[in-house]
Amino acid sequence: LTEHFPPIQIVAETTDLENARNALEESQPDLALLNIDSEGPNSLDLLREFKKEGKLHFDIVFLCEQPHFDLAVQALEFAALDFVVKPVHPDALEKAIQTALHSYKNRTLVRNKLEDLFQLNPKINDSEALCIPLLKGELAFVSFHEIAYLESQTEVTRIQLQSGDNILAMRNIGYFEKI
């Protein structure tokens, strides 16, 4: 992997679930290449535990000895980036790694844009602010105390501000009721 994909850095390798659990918790990787065995406890069981504990914060590529449709379907539960059948063909591995690198770049881009957004608008860091989805994917941040009332308009919500201005939110009123 490191020879053919220089951006990849291997932080841990293991052959059993308990060591895998420890390695994933300690190293907090961006990507995990995990084997799926058809018998006994396997990495799917480990990932179910991680998901339940809120620790599933990495991309996944599954490797499997033989093509088991039921295992591939279970792998989809974890939004696996790819499912590579062993023996691993170099082209299949390259495709999976390229997908992982693309996912990582996109995640980094989004994280950077959010950081820029937080710096530009101090209301975003205010726990008393509401993020309002507007037309064309734009967002407005309004402090709760600035809102006079909300009015349902079927698919959208009109937010009347104390100042007399109003905002047309691209969410129904149920979205705001949950908040």
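Refer to the structure printed above.
Residues numbered from 1 in each chain as written. Predicted model: local features only at pLDDT ≥ 70, side-chain atom pairs only at ≥ 80, totals over all residues. Heavy atoms only, no water.

### Considering the sheet that holds strand 1 (residues 31-36)
Across the sheet, 3 strands lie side by side as 1-2-3; this open sheet has parallel pairing. Every other strand in the sheet has two partners, leaving strand 1 and strand 3 (82-85) as the edge strands with one partner each. In this sheet, adjacent strand axes meet at a mean angle of 25° when their direction is disregarded. Here strand 1 runs beside strand 2 (residues 59-64); their pairing, made up of 6 bridges, is parallel. Across the sheet, residue Asn35 finds its bridge partner in strand 2, namely Leu63. The sheet strands contacting helix 3 (residues 69-76) are strand 1, strand 2 and strand 3, and the helix crosses strand 3 at an angle near 155°. (Pairing = 2+ DSSP bridges. Helix = DSSP H or I, 4+ residues; strand = E, 2+ residues; numbered from the N terminus. Axes fitted to C-alpha atoms, helices over the stretch in contact; angles between N-to-C directions. Contact = heavy atoms within 4.5 Å.)

### A few points about the nonpolar core
If you look at the biggest cluster of nonpolar residues, it comprises 17 residues, and the most contacted ones within it are Leu47, Phe58, Ile60 and Phe62. Broken down by secondary-structure element, the contributors of at least two residues to this core are helix 1 (17-27), strand 1, helix 2 (43-53), strand 2 and helix 3. Among the elements that make up this core, the one with the highest residue count is helix 2 (4 residues). Sequence-distant contacts of Leu47, that is, excluding residues within four places in its chain, are made with Leu34, Leu56, Phe58, Ile60, Phe62 and Phe78. (Core = buried A, V, L, I, M, F, W, Y, C linked by side-chain atoms within 4.5 Å. Buried < 20%, exposed > 50% of the residue type's maximum accessible area, 1.4 Å probe, protein only.)

Geometric descriptors of this kind do not, in isolation, establish any biological role.
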